[in-house]
Amino acid sequence: MQLTGKKVVVIGGSSGIGLATAELARREGADVVVASRNVERLDAVAAKLNATAIPADVTSDESIADLFRRCGPVDHVVVTAAQLRTGPFKTVAMDDVRATMESKFWGAWRVARSAEIRPGGSLTLVSGFLSIRPRPNSAIVGAANGAIESLARSLALELAPVRVNAVSPGIIDTPIRAAMPEEARRDMLAKTAAGLPVGRVGTGEDIARQILAFMTIGFATGSIVYIDGGALIT
């Protein structure tokens, strides 16, 4: 119960990596606040975890400011929320490009500015391994991930003694892939798993465990940790 008595805010906590982080933090004794745009799903998660639910939209300055006015001082903040839109570099709509940065990068920026994190507490951002292993049709996501990692390092200096880190996941089997046809999703995950040294794709809990490590290891700041099943070495 390493987080007993600590207040943890998970933005994007209604599904995927955010939900896994909220669940794990709750098991470790934290007082958890989950925030998300999806109010229905958010309320269900809060009831399940006995957590506090606060609707929030990372693309809105006022929404994020209001979230932290309601939270007050907190110990740890995690940002997993992002709405990503991508496509071929020459043809992807500029509105989609801007929307990805607005959500992924500027969303994290808004949270970092508004959160009142107690000294020695932590802010953890989530990037993604496309920042250093790009692939076609994903330039904006890779760029946003790289910007997140740079931001984490800068904020580790500016926000000290608050600790700031980033975790960079590889391919994770989360509900974000639910929009794919089921057969195509399973085929993609199986092919990915076959090419990884660990022989499987990641789960939300894999990433959540690293996020909780950042919360509880007081010597960790300015760190970027890649949790990708060995994708970067293959």
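Residues numbered from 1 in each chain as written. Predicted model: local features only at pLDDT ≥ 70, side-chain atom pairs only at ≥ 80, totals over all residues. Heavy atoms only, no water.

A few points about helix H4 (residues 94–114)
The condition that has to hold: Only DSSP runs of H or I reaching four residues or more are called helices, and only runs of E reaching two or more are called strands; each is numbered from the N terminus. Multiplying one less than the number of residues by 1.5 Å gives the expected span of a helix. Each residue is placed in one exposure class: buried if its accessible area under a 1.4 Å probe, protein chains only, is under 20% of its type's maximum, exposed if it is over 50%, and partly exposed if it falls in between. In this analysis, two residues are considered to be in contact whenever any of their non-hydrogen atoms come within 4.5 Å of each other.
Taking 1.5 Å per residue as the helical rise, H4 with its 21 residues ought to reach 30 Å, and the 28 Å between its terminal C-alpha atoms agrees with that figure. Where H4 is concerned, the buried positions are Val97, Thr100, Ser103, Lys104, Phe105, Gly107, Ala108, Arg110, Val111 and Ala112. Lining the buried residues of H4 we find strand S1 (7–11), helix H3 (61–71), strand S4 (74–79), strand S5 (117–126) and helix H5 (139–158).

Focus: the pattern of salt bridges
As a reminder of what qualifies: Salt bridges are defined by distance alone: a side-chain nitrogen of Lys or Arg within 4 Å of a carboxyl oxygen of Asp or Glu.
Scanning all chains against the criterion turns up 15 salt bridges. A salt bridge links Glu23 to Lys48; the nearest nitrogen and oxygen atoms lie 3.3 Å apart. Here Glu23 is found in helix H1 (residues 16–27), whereas its partner Lys48 is found in helix H2 (residues 39–49), with 25 residues between them in sequence. By relative accessible area, Lys48 is classed as exposed at 63%.

What about the side chain of Ser14?
Using the following cut-off: For this analysis, a polar contact is any N or O atom pair within 3.5 Å, provided that within protein one partner can donate a hydrogen and the other can accept it, and provided that sequence-adjacent residues contribute only side-chain to side-chain pairs.
If you trace the backbone, Ser14 turns up in the loop between S1 and H1. Reaching out from Ser14, the side chain makes a polar contact with the side chain of Arg41 at a distance of 3.3 Å. The residues contacting Ser14, other than those within four sequence positions of it, are Leu19, Ser36, Arg41, Leu42 and Val45.

Quick notes on the packing of H4 against H5
Heads up, the rule is: Every axis corresponds to a line fitted to the C-alpha atoms, with the helix fit spanning only the stretch in contact, and the corresponding angles, defined between N-to-C directions, vary from 0 to 180 degrees. Relative orientations are named as follows: roughly parallel for angles under 35 degrees, roughly antiparallel for angles over 145 degrees, roughly perpendicular for angles from 65 to 115 degrees, and oblique for any other angle. Handedness of each helix crossing follows the sense of rotation of the near helix against the far helix: counterclockwise by less than a right angle gives left-handed, clockwise gives right-handed.
Two numbers describe how H4 lies on H5: the axes approach to 9 Å, and their chain directions differ by 15°. Between H4 and H5, the interaxial angle falls into the category roughly parallel. Considering only the axes of H4 and H5, their crossing is right-handed. Residues Val97, Thr100, Met101, Lys104, Phe105, Ala108, Trp109 and Ala112 of H4 form the contact with H5, whose participating residues are Ile140, Ala144, Asn145, Ala147, Ile148, Leu151 and Leu155.

A closer look at unusual backbone geometry
Cis geometry marks the peptide bond from Ala160 to Pro161; its omega dihedral reads 15°. Even without being glycine, Asn50 reaches a positive phi, approximately 55°. Mapping Asn50 onto the fold places it in the loop between H2 and strand S3 (52–55). Backbone geometry at Asn137 places phi at a positive 70°, although glycine is not the residue there. Relative to the helices and strands, Asn137 resides in the loop between S5 and H5.

All we've got here are geometric facts, nothing functional implied.
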